[in-house]
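Here is how the chains run, residue by residue.
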Amino acid sequence: MKWIKKLFGKKEDSSEERGLKEINFEGLPSWLDAVSQKISSRVEKDVSGLVKELEVSLLALKESNSRLAEAKVEGDFDVRAVKRAKSNRENVTKQVATLTDKIRVQDSRDFRVLESFYGASTQSLNACLEHMNQSFRYTRGVFPEESKEVSESLASLGKVFNELGEVIRVNKKEMDAIEAAHSSMNKVQGLSASITAKEMELESRNRRVQALKVETSEASQALEDFRKGPVWQSLQNLQTELNASREKLRKAETGLSSLVLPLSGHLSRIKKLHESSRYTLKPEVKKQLDICLEAPVRVNPSFFSELQIIFEDNALDMQTQKKEKALLQVKSAISNFPERKKEYLEALKEFEAKKSELESSNTGKLVELEHKESELLSRVRSLEEDIDDSEKKLTSLREELEHQKKKLLSNLSLIDSDLRVNFPGPVSGGQHEFS
């Protein structure tokens, strides 16, 4: 048989007979299909005789099993031995009948179908032998001839399966390699398509980044030109003037508060005395006292004259030294507060005017230019991050492509070690050859 030639190293379907030493990647599917067909034809030819032998062996096993089941006891045997033999014979014939029912000779000569059939059948055969082994020893003693026939039929069946298994074993390496090559080839094609798509996507993103950088540069230049122009200078001058008026207002407020601050302790004491009903203030005076404590700049200058009267009132029960000091502070406030409040109000008016002028100025162009530059810079950064991620994914895909390509070449070498495969440039960058 041809499979025996292969077993002893005679390779009928060698690479020389194929006459195929070099092939393009695109031609691999057809080439693999042709090789698979040749192997299938070889297998079909090798197993055709075995299938006939298998049918004969199964028929012989069924007949011998029937004879064993129907056999009569001949000879002088102990009653117990006969009883035990008959009981065990039932198990033997049952196991054999189960085996013959499970083994269905396949019409298909497909390698994988035969491989599956061989695996399932030999598993059933081994299970049958294992389950009937103990019983067969008792059966042989009382039914020797019929048991011998069953044993020989099982041996004949086993021999056929051994020969079938050898055919499968001899061709399995190449068939497995063909399937693995198909799988690797499909992965190579898929990875190549993914890489091409990623490269196109990366190229598109790079073009978009370059265009955005040009647009960003133009926006930055427009912003710089605006800041050098008269509108921006006017805004800057207004901002400087606003800062100066703010500082002037702060100083005026500080000067005003400095007249009230020394009196704050006395004012708090008077408030507590009033709230505890130990000293009574007029409603308007109480209101101005609260204003003076919370916001001195809003107090009415006339309040300090009322405060002088309060300090001079003996009912307030102040120490003489503290009263004299408080009266001096009140008199200073009476003299200076109106002028300083006037300065404060003028500074406040000037500040509000400058603030209003700046707010009413045309700052929309500046905001628009700044927003546009910021948005463009953000889009550039986002795209550059996407590009970085795409480059990493592309590197990973290329590494996986090389891995799958090596697996493909390795599987093809098991089929024909002299085969040379030309991969497309974008896929492999050149030609690969087995050595």
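Residues numbered from 1 in each chain as written. Predicted model: local features only at pLDDT ≥ 70, side-chain atom pairs only at ≥ 80, totals over all residues. Heavy atoms only, no water.

The name that an unreviewed UniProt entry assigns to the chain is Cell surface protein, with the source organism given as Methanosarcina spelaei.

A. Structural context of the overall build of the chain. The number of helices and strands found in the chain is 13 helices and 3 strands. Over its C-alpha atoms the chain spans a radius of gyration of 54 Å, topping by over 25% the 22 Å that the globule rule assigns to 435 residues. A principal-axis box enclosing the C-alpha atoms of the chain has dimensions of 150 × 70 × 30 Å. Long-range pairs, those at least 24 residues apart, make up 81% of the contacts in the chain with a sequence separation of at least 6. When the accessible area of the chain is evaluated, it comes to approximately 25400 Å², of which 49% is carbon and sulfur surface. Taking the 72 positively charged and 73 negatively charged side chains of the chain as two groups, their mean positions are separated by 4 Å. (Helix = DSSP H or I, 4+ residues; strand = E, 2+ residues; numbered from the N terminus. Rg over C-alpha atoms; globule rule 2.2 N^0.38 Å. Contact = heavy atoms within 4.5 Å. Areas by Shrake-Rupley, 256 points an atom, 1.4 Å probe, with all protein chains shown as cover. Lys, Arg positive; Asp, Glu negative; His and termini not counted. Charge placed at Lys NZ, Arg CZ, Asp CG, Glu CD.)

B. Spotlight on the packing of helix H3 (residues 28-70) against helix H4 (residues 79-102). Across the interface, H3 lies against H4 with an axial gap of 10 Å and an inter-helix angle of 160°. Between H3 and H4, the interaxial angle falls into the category roughly antiparallel. As for how H3 packs across H4, the hand of that crossing is left-handed. From H3, Leu58, Leu61, Lys62, Asn65, Leu68, Ala69 and Glu70 reach across to H4, where they touch Arg89, Val92, Thr93, Val96, Ala97, Leu99 and Thr100. (Axes fitted to C-alpha atoms, helices over the stretch in contact; angles between N-to-C directions. Parallel < 35°, antiparallel > 145°, perpendicular 65-115°, else oblique. Left-handed = near helix turned anticlockwise from the far one by under 90°.)

C. Structural context of the packing of aromatic side chains. According to the stated counting rule, one finds 4 aromatic pairs in the structure shown. Aromatic side chains Phe117 and Phe161 sit 6.0 Å apart centroid to centroid with 45° between the ring planes, which places their arrangement in the tilted category. One end of the pair, Phe117, is in helix H5 (residues 111-142); the other, Phe161, is in helix H6 (residues 144-228), and 44 residues separate them in sequence. Judged by relative accessible area, Phe117 falls into the buried class, the value being 10%. (Phe/Tyr/Trp six-rings, centres within 6.5 Å; stacked < 30°, edge-to-face > 60°. Buried < 20%, exposed > 50% of the residue type's maximum accessible area, 1.4 Å probe, protein only.)

D. Empty space enclosed by the protein, seen in detail. Counted under the stated rule, the structure contains 1 cavity of 30 Å³ or more. Space inside the largest cavity adds up to approximately 60 Å³. Put simply, the parts of the chain that give the lining of the largest cavity at least two residues each are H3 and H5. Sort the elements by how many residues they give to the lining of the largest cavity and H3 lands first, with 4 residues. When grouped by side-chain class, the residues that make up the lining of the largest cavity number 8 nonpolar, 1 polar and 1 charged. (1 Å grid on protein atoms, 1.4 Å probe; cavity = no way out; pocket = protein on both sides within 12 Å on 5 of 7 lines; lining within 4 Å. Points joined across faces, edges and corners; volume = space filled by probe spheres on them. Nonpolar A, V, L, I, M, F, W, Y, C, P; charged D, E, K, R; others polar.)

E. Geometry of the packing of helix H9 (residues 283-294) against helix H10 (residues 302-312). Viewed as axis vectors pointing N to C, H9 and H10 meet at an angle of 110°, and their least axial separation amounts to 10 Å. Taken together, the axes of H9 and H10 lie roughly perpendicular to each other. Facing H9, whose interface residues are Val285, Gln288, Leu289 and Cys292, H10 presents Phe303, Glu306 and Ile310. Partitioned by chemical class, the residues of the contact of H9 with H10 number 5 nonpolar, 1 polar and 1 charged.

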